[in-house]
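Observations on the model geometry
In case you want the letters, here they are:
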Amino acid sequence: STRNHPCKMNQLPPKSPLASPVSEGTNSRGEALDNLSMDSFWLEVENIKQSAEGEQEECSLADVKTPEEGEAEAEWLQDAGLSELLGDRGSDGDNLVLLSTLTRTQTAAVQRRLDTYSRSRRRKNKQPVRHVRDIFAVGNTEETGAEKEESSPDPLWHNLRTANAQRKTQDYSCTVRNPGKEEVFNMDVAYSEQAAVLLKGSFLPESRKLKDGNALTKFKIPKGRLGVTRIGDLSAQDMKKIPTLALIELTALCDILGCELKRNKAAKLKTTEKRLFGVPLNTLLENDQKLLPNTKVPLLLQALLSCLEKRGLETEGILRVSGSQTRIKSLEQKLEREFYGGLFRWDDVHQNDVSGLLKRFIRELPAPLLTAEYLPAFAAVQNIPDLKQRLQALNLLILILPEPNRNTLKALLEFLSKVVARENNNKMNLWNVSTVMAPNLFMHKGLPNKIPEGKEKQLAEGAADVVRMMIHYQDLLWTVSSFLVAQVRKLNESNSKRYQFCDKRIKNLLRKIHADKEKVEKNQAEPSKTVKVHASLLLKDSLEVHLNNATRVADVLRQFQKNLCQNGWNIVNTVNLLKCNNSVECTNLLLYEVGGNIGEHCLDPDTYLLDLYHINPHAEWIIKQNPSYPRMF
């Protein structure tokens, strides 16, 4: 199609005449896709353009201008929770607390942006901000002794960039270092610190390049003594701290890899008279929660996915085969009128039309599902050569997303995984699904797509590859790294200590802090400990548990289950706890860590509790019913 359209989406070329997405001279990751066709991508682009015909008035482009020197750095510092460093000398307490938790590479990322901002201010003859050395001299990162000896991260940065430049020609992309075996995905050490170590050393030789979508590397997150934390395991209060920490870490990782972290300004959303399509996610959820409290995914999206799961998973070419654009637009209008009244009949709708409505819902969001700010960053992930580091960047980007976007994206990816699982029937493998969904996620009518000439194919392949990674590795991507949880604990501890020192009874507080320190040191030396586990919502009694180095969460839940059945404890909520045969399943119960240096933390069954006690001795441990477990009535 050569017709002009007001949306910049038409800057992508029409369907590629090549069956293979790779041409001579492309990089090695392009070769990794050489058996995979991009036909579905270009067909979807054409379908999107056709569906947008006659809607020119709605295709407004965001006014994006090149930021002035220092402007991008100032916005970054604000988003990273460090806005007070931009010139306010008298209120940097919160900033110093945050800075005190950062690693060397994270500190270097902050310092570089503050330094750039300072230079821009001096050039404009404005009041200079505090010098970076004045700030970072206070922020103790609590690293090892060797790391403390470096007065500035600049030498580290210089050495890493030199090593990075020397390895620009080295191929270490998309590799399977242990064919047929799982690779370790380390979440205990900051990703940027891991990248720094890799750049100082050398990559493994004789790596194999991937040749098809079925050969994606398998990764395993090794469970440490504290288990694994998933998104949703932390309280809302603690999760609010994660995006700023993830942004700083992502920036540090990109700095070390020599990749630019691209971000747009937040888009100004236009108001609409519609109730479903073209409505901001926050507004949708506010309206939905009036009908169904605690709704985390828009009800319309849930209905679309449910309909497709019931009748569309076996349909050949589902998502790829386009429904009737006329019927889809008519159905959209009908949904606007009838959905909330419960009058819409899904059984009367053809499955290809439902998949068309699903894709249209995503495209019509006023801001991209991946957000206007970070859509360029998601697209830029393709520029990171190493697969594991691409996944590290994606993991951090997922954590940065606002909660409504993250929950909606997860619901979509879970559905796409179910489509791929029925590949034998619907003929939609992972790459097919990825190429169809990529244009719907990465092309948005409200944002300009200024694609350099000759780069269309490469960018299209990269976008599809990012979607493929999000579908295939979603369990890994929805994990909160252990190093981020540790930083949240440090933030909570520092805030607590600072609050205590505001108390006038300073002498008593100092004695208490000294006593607490001795208590912690004593606890860490203890090989065993007896603690109480509460279950106030289920039982009136508490459970005394003797901890040793081998005691795990799963062991405590089994002990609780055994005592519950044998000792006839006073059960508060029999209906919700007991199954029909008067037995209790451990899967019905969860153990939470509450208070101390954490808000609330749902614990991994493989968490070793004595280790956790040493890290957070002031927390309470509470057994609760699993909220996702089906209740027995």
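With an unreviewed UniProt entry as reference, the chain is termed RHG40 protein, source organism Campylorhamphus procurvoides. What the UniProt record of the chain gives under Function (unreviewed entry) is the line "GTPase activator for the Rho-type GTPases by converting them to an inactive GDP-bound state."

Secondary structure summary: the chain contains 27 helices and 11 strands in total. In the chain, of all internal contacts separated by at least 6 residues, the share reaching a separation of at least 24 is 79%. For the chain, the exposed area adds up to about 30700 Å²; of that, 49% sits on carbon and sulfur atoms.

Structurally, Y592 is set in strand β9 (residues 589-595). Residue classification places Y592 among the buried residues on the basis of a relative accessible area of 11%. Each C-alpha atom, one on Y592 and one on H534, is 9.8 Å from the other, the two residues being 58 residues apart in sequence. Here Y592 is in contact with E600, H601, C602, L603, E620, W621, I622, K624 and P627, once residues within four sequence places are set aside.

Before going further, it helps to spend a moment on the pairing of strand β7 (residues 529-534). With 5 bridges joining them, β7 and strand β8 (residues 543-547) adopt antiparallel strand pairing. Opposite V533, over in β8, you have L543 as the bridge partner. Pairing between β7 and strand β11 (residues 620-625): 2 bridges, direction parallel. If you follow H534 over to β11, its bridge partner there is I622.

Once that is clear, we can look at the sheet that holds strand β10 (residues 598-602). Ordered by their spatial adjacency, 5 strands build an open sheet running β8-β7-β11-β9-β10, and the pairing between neighbours is mixed. Here the strands that pair on one side only, and so sit at the sheet edges, are β8 and β10. Taken over all neighbouring pairs, the strand axes of this sheet differ in orientation by 30° on average, direction set aside. Where β9 and β11 come together, 6 bridges link them in antiparallel fashion. Of the residues in β11, the one forming a bridge with E593 is W621.

Axes are the key here: two packed helices are described by the angle between their axes and the distance separating the axes. Put simply, helix α9 (residues 191-200) and helix α11 (residues 242-257) touch, their axes get as near as 8 Å, and they point 15° apart. Regarding the angle of α9 to α11, the classification is roughly parallel. Our pair here, α9 against α11, has a crossing hand that is left-handed. Note on element contacts: α11 touches α9 through E249, A252, L253, I256 and L257, opposite Y191, S192, A195, A196 and L199. Here the residues of the contact of α9 with α11 are counted per class, giving 8 nonpolar, 1 polar and 1 charged.

Let's shift gears to the side chain of R406. As for its placement among the helices and strands, R406 is situated in helix α18 (residues 403-421). Buried and unpaired, R406 has no salt bridge, with E403 as the nearest side chain of opposite charge at 5.3 Å. A distance of 3.3 Å separates a polar side-chain atom of R406 from the backbone oxygen of L399. Discounting chain neighbours no more than four positions away, the residues touching R406 are I231, M239, I398, L399, L401 and W478.

A few words now on helix α14 (residues 325-338). Since the α-helix advances by 3.6 residues per turn, residues separated by three or four positions end up pointing in the same direction. When the terminal C-alpha atoms of α14 are compared, their 20 Å separation across 14 residues agrees well with the 20 Å that a helix rising 1.5 Å per residue should span. Considered for burial, the residues of α14 that qualify are I328, L331, E332, L335, E336 and E338. Lining the buried residues of α14 we find α13 (299-311) and α15 (351-364).

Moving on, we get to the packing of aromatic side chains. Evaluated as defined, the whole model comprises 8 aromatic pairs. Measuring from ring centre to ring centre gives 5.2 Å for Y191 and F483, while their planes differ by 80°; the resulting arrangement is edge-to-face. With Y191 in helix α9 and F483 in helix α23 (residues 482-500), this pair connects stretches of sequence that are 292 residues apart. Overall, the relative accessible area of 7% leaves F483 in the buried class. When the centroid spacing of 6.2 Å and the interplanar angle of 80° are considered together, the rings of F277 and F361 count as edge-to-face. Residue F277 is located in the loop between α11 and α12 (281-291), and its partner F361 is located in helix α15; the two are separated by 84 residues in the primary sequence. Like F277, the residue F361 is buried in the burial classification. These aromatic residues form a ring-pair network of at least three members: F185, Y191, F219, Y473 and F483. The ring of W76 is capped by R113, whose NZ or CZ atom sits 5.5 Å from the centre of that ring. Looking at R225, its charged tip hangs above the ring of Y608, at a distance of 3.8 Å from the centre.

Note on placement: T295 falls in the loop between α12 and α13. Engagement of the side chain of T295 in a polar contact is seen with the backbone oxygen of L292, the distance being 2.5 Å. Beyond its immediate stretch of four places on either side in the chain, T295 contacts L285, D288, Q289 and Q302.

If a residue is not glycine, its phi is most likely negative; likewise, a peptide bond is most likely trans. We note that L319 has phi near 80°; this positive angle belongs to a residue other than glycine. As for its placement among the helices and strands, L319 is situated in the loop between α13 and α14. One non-glycine residue, T371, lies in the positive phi region at around 75°. Of note, T371 is situated in the loop between α15 and α16 (375-380). When its relative accessible area of 6% is taken as the criterion, T371 is described as buried.

What counts as what
Residues numbered from 1 in each chain as written. Predicted model: local features only at pLDDT ≥ 70, side-chain atom pairs only at ≥ 80, totals over all residues. Heavy atoms only, no water. UniProt positions renumbered as here; feature names shortened; annotations may be inferred. Helix = DSSP H or I, 4+ residues; strand = E, 2+ residues; numbered from the N terminus. Contact = heavy atoms within 4.5 Å. Areas by Shrake-Rupley, 256 points an atom, 1.4 Å probe, with all protein chains shown as cover. Buried < 20%, exposed > 50% of the residue type's maximum accessible area, 1.4 Å probe, protein only. Pairing = 2+ DSSP bridges. Axes fitted to C-alpha atoms, helices over the stretch in contact; angles between N-to-C directions. Parallel < 35°, antiparallel > 145°, perpendicular 65-115°, else oblique. Left-handed = near helix turned anticlockwise from the far one by under 90°. Nonpolar A, V, L, I, M, F, W, Y, C, P; charged D, E, K, R; others polar. Lys, Arg positive; Asp, Glu negative; His and termini not counted. Salt bridge = Lys/Arg side-chain N within 4 Å of Asp/Glu carboxyl O. Polar contact = N/O pair within 3.5 Å; in protein donor to acceptor, adjacent residues only side chain to side chain. Expected span 1.5 Å × (residues − 1). Phe/Tyr/Trp six-rings, centres within 6.5 Å; stacked < 30°, edge-to-face > 60°. Lys NZ or Arg CZ within 6 Å of the ring centre and 35° of its normal.

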